[in-house]
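What follows is the residue order along each chain.
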Amino acid sequence: MNKIHDLFRNKSENILCIYFTAGYPNVNSTVKIIKILQNLPVDLIEIGIPYSDPLADGMIIQKSNQTSLNNGMNVSLLFSQIKQFKKEIKIPILLMGYYNQFYKFGEEKFLKKCKESGISGLIIPDLPVDLFVKKYQNLFKKYLLSMIFLITTQTDSSRVFMLSQITDGFLYLVSSNSTTGKVDNFFGKEQISFFERIKKLSINIPKLIGFGINNRETFDFSCQYANGGIIGSSFIQSLNENQLEESIKKYIKFIRE
């Protein structure tokens, strides 16, 4: 069973998804961070595959990508590391990467590795919807993997409905047209109007809000409009390589308590 489906079948609110970059702060950190997070009040983990030319990542995630690449992380190593831990994975794990990484690795080989490694789904923000439907949707079904689609403040309602029919697991609401890691401490009028518009639509698929969530206040606010929120940059910024477990526990407590 796909763990994302299982999560939303059993829980519908205050869902916390934590994003971090594979291979950061060091090449062996990925599984350590998963182990720590899944024993804390975290519902879902999104792991970014480091990439030299990310489209939507702000400076914090860009720097973590570069550090990870310098550490020697790559797609094959990431699959190998997670596969060794597969039997101990208790919560859904998503991989976030770019189409070039997916294509270059070999699309079906990539999906097969995801399945073998215990990955539940993928986010590939630059994969065109039409191409996904035409070429990859059946492959995702074959390997029981969810493909998560994103909508933004600029996405009109007809496209929101269309994407809500194609996305599997949940719909990712991108709260900002800028990159990740914006420094504002709260959402602006445009974001709140976007959340209200989407909430009023009759969409049955669960929704998580990402971009701009960096403290308990913004997480709790997101949960008023969606099933939960996704936090990345501020979590990555909080990681202390020398006190990894303590720094993660402190951060999750900062969000949850």
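Presented here is an overview of the structure given in this document. (Residues numbered from 1 in each chain as written. Predicted model: local features only at pLDDT ≥ 70, side-chain atom pairs only at ≥ 80, totals over all residues. Heavy atoms only, no water.)

1. Observations regarding the sheet that holds strand β9 (residues 228–231)
As a general point, the strands of a sheet are linked pairwise by backbone hydrogen bonds and lie either parallel or antiparallel.
So, step 1. What the nine strands build is an open sheet, ordered β5-β4-β3-β2-β1-β9-β8-β7-β6; its pairing is parallel. Looking at the sheet topology across the chains shown, the edges are occupied by β5 (146–147) and β6 (149–151).
So, step 2. Pairing between strand β1 (residues 15–21) and β9: four bridges, direction parallel. Within β9, the position partnered with Ile-18 by the bridge is Ile-231. (Pairing = 2+ DSSP bridges. Helix = DSSP H or I, 4+ residues; strand = E, 2+ residues; numbered from the N terminus.)

2. Some words on the packing of aromatic side chains
Aromatic ring pairs are reported here in terms of the distance separating the ring centres and the angle at which the planes meet.
So, step 1. Counted under the stated rule, the structure contains 21 aromatic pairs.
So, step 2. Relative to Phe-211, the ring of Tyr-172 has its centre 6.4 Å away and its plane inclined at 80 degrees; by these criteria the two rings are edge-to-face. In this pair, Tyr-172 is assigned in strand β7 (residues 171–174) and Phe-211 in the loop between β8 (207–210) and α10 (216–225), connecting sequence segments 39 residues apart.
So, step 3. Assessed through its relative accessible area of 6%, Tyr-172 is described here as buried.
So, step 4. A network of ring pairs unites the aromatic residues Phe-79, Tyr-99, Phe-102, Tyr-103, Phe-105, Phe-110, Phe-132, Tyr-136, Phe-140 and Phe-149 as a single cluster.
So, step 5. Seen from the ring of Phe-105, Lys-109 lies directly overhead, with NZ or CZ sitting 4.6 Å from the centre. (Phe/Tyr/Trp six-rings, centres within 6.5 Å; stacked < 30°, edge-to-face > 60°. Buried < 20%, exposed > 50% of the residue type's maximum accessible area, 1.4 Å probe, protein only. Lys NZ or Arg CZ within 6 Å of the ring centre and 35° of its normal.)

3. Quick look at the pattern of salt bridges
So, step 1. The final tally for this structure, using the stated rule, is seven salt bridges.
So, step 2. Put simply, Arg-216 and Asp-220 hold a salt bridge, and the shortest N to O gap is 3.4 Å. Of this pair, Arg-216 and Asp-220 are both found in helix α10, four residues apart, which corresponds to roughly one turn of the helix.
So, step 3. Looking at Arg-216, the relative accessible area reads 38%, which means it is partly exposed. (Salt bridge = Lys/Arg side-chain N within 4 Å of Asp/Glu carboxyl O.)

4. Things to note about the pairing of strand β2 (residues 44–48)
Along any regular strand, the residues point their side chains to alternate faces of the sheet.
So, step 1. Along β2, five of the five residues are buried, which leaves the element largely enclosed by surrounding structure.
So, step 2. Alternating residues of β2 divide into Leu-44, Glu-46 and Gly-48 and Ile-45 and Ile-47, and every residue in both groups is buried.
So, step 3. Where β1 meets β2, five bridges bridge the pair, whose relative direction is parallel. Within β2, the position partnered with Ile-18 by the bridge is Ile-45.
So, step 4. Note on the crossover from β1 through helix α2 (residues 29–37) to β2: the handedness is right-handed.
So, step 5. The pairing of β2 with strand β3 (residues 93–96) spans four bridges and is parallel. Bridged to Ile-47 within β3 is Leu-95. (Right-handed = clockwise from strand over helix to strand, strands pointing away.)

5. Notes on α10
So, step 1. Turning to α10, its buried residues are Thr-218, Phe-219, Phe-221, Ser-222, Cys-223 and Tyr-225.
So, step 2. Each element contacted by the buried residues of α10 is listed here: β1, α9 (189–200), β8, β9 and α12 (244–256).
So, step 3. Measuring from the backbone nitrogen of Glu-217 back to the side-chain oxygen at the start of α10 gives 3.2 Å, which picks out Asn-215 as the cap. (Contact = heavy atoms within 4.5 Å. Polar contact = N/O pair within 3.5 Å; in protein donor to acceptor, adjacent residues only side chain to side chain.)

6. Considering the pairing of β8
So, step 1. Of the two faces of β8, the one carrying Lys-207 and Ile-209 and the one carrying Leu-208 and Gly-210 are both buried.
So, step 2. As defined by bridge partners, β7 adjoins β8 across four bridges and the pair is classed as parallel. Looking at the pairing, Tyr-172 lines up with Leu-208 of β8.
So, step 3. Note that β8 and β9 share two bridges and pair parallel. Bridging across to β9, Leu-208 finds its partner in Gly-228.

7. Some points on the nonpolar core
So, step 1. Ranked by size, the top nonpolar core spans 93 residues in total, and within it Leu-37, Ile-47, Leu-95, Phe-170, Phe-235 and Ile-248 carry the most contacts.
So, step 2. It is β1 that contributes the most residues to this core, six residues altogether.
So, step 3. If we skip the residues at most four places from it in the chain, Ile-47 touches Tyr-19, Phe-20, Ala-22, Thr-30, Ile-34, Leu-78, Ile-82, Ile-93, Leu-94, Leu-95 and Met-96. (Core = buried A, V, L, I, M, F, W, Y, C linked by side-chain atoms within 4.5 Å.)

8. Details of the packing of helix α4 (residues 75–84) against helix α6 (residues 107–117)
So, step 1. Contact geometry of α4 with α6 gives a least axis separation of 8 Å together with a crossing angle of 25 degrees. By the angle between their axes, α4 is roughly parallel relative to α6. Packed against α4, whose contacting residues are Val-75, Phe-79, Ile-82 and Lys-83, the element α6 presents Phe-110, Lys-113, Cys-114, Glu-116 and Ser-117 at the interface.
So, step 2. For the contact of α4 with α6, the class distribution of residues is five nonpolar, one polar and three charged. (Axes fitted to C-alpha atoms, helices over the stretch in contact; angles between N-to-C directions. Parallel < 35°, antiparallel > 145°, perpendicular 65-115°, else oblique. Nonpolar A, V, L, I, M, F, W, Y, C, P; charged D, E, K, R; others polar.)

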